[in-house]
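Commentary on secondary and tertiary structure
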Amino acid sequence: GSLVGNPFDVLKTMAQTNSGKSESLGKTLSEFYSKNGLGGFYRGIEANVMRACVLNATKMGVYDIAKGVVTSNTGWERKDPRTTFCSAMISGFAMTITVSPFDRVRTALMNQGNQKLYSGFVDCAAQLAKNDGPLSFWRGFIPMWARFAPTATIQLVTIEALYGAFGLKSI
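Right, let's walk through the structure included here. (Residues numbered from 1 in each chain as written. Predicted model: local features only at pLDDT ≥ 70, side-chain atom pairs only at ≥ 80, totals over all residues. Heavy atoms only, no water.)

By the largest-angle criterion, Val99 marks the main kink of helix H4 (residues 81-110), which is about 45 degrees, and a proline, Pro101, follows within four residues. Between the side-chain oxygen at the start of H4 and the backbone nitrogen of Arg82 there is a gap of 2.8 Å, and the oxygen is on Asp80. (Bend = angle between axes of the 7 residues up to and from the residue. Helix = DSSP H or I, 4+ residues; strand = E, 2+ residues; numbered from the N terminus. Polar contact = N/O pair within 3.5 Å; in protein donor to acceptor, adjacent residues only side chain to side chain.)

Structure follows, in structure tokens:
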């Protein structure tokens, strides 16, 4: 997914951070390509791939553990929709904690425009920590959680419903 999606993430970031007059997507794409080449569209891909791995591992791992904790503390069944909902919300919170640093680095790498401010993921992370402080990796935490929690809930409730419909064991 990151291989195909990264160029669109770069273009989205460029469009959102464009100061001045609004330019068409075609013009933005053309100018960016002429100055940065094809490789420019893959800025931040390492952060994107790491982010995807961390996001999915956190979502599923924390969800499974949270279901155990929720069932043992409430008496609800693992298949109970309340268990799924509560566990998914907890999972979304954990996803926000683990993914925020990757999002911050990814955005900074993609937002370099026609400059090359960072030599890669580690250099970017080090400069952000040095210049903005380590807590800057969690900027925008609440809006990110507000996005992750419902998304994780919809995904996990859907997965659980499909598992039940096909006679598979719940997560």
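Any space left empty among the atoms is revealed by the rolling of a water-sized probe across them. Looking at the largest pocket, its volume works out to about 290 Å³. Lining the largest pocket are 15 residues, and of these Met14, Ala15, Asn18, Glu23 and Thr28 sit closest to its centre. Secondary-structure elements contributing two or more residues to the lining of the largest pocket are helix H1 (2-17) and helix H2 (25-36). Ranked by residue count, the leading element in the lining of the largest pocket is H2, at 4 residues. Along the walls of the second largest pocket sit Lys12, Ser100, Asp103, Arg104, Arg106, Thr107, Phe137, Arg139, Gly140, Pro143, Met144 and Arg147, which together make up its complete lining. Elements that contribute at least two residues to the lining of the second largest pocket include exactly H4 and helix H6 (141-165). (1 Å grid on protein atoms, 1.4 Å probe; cavity = no way out; pocket = protein on both sides within 12 Å on 5 of 7 lines; lining within 4 Å. Points joined across faces, edges and corners; volume = space filled by probe spheres on them.)

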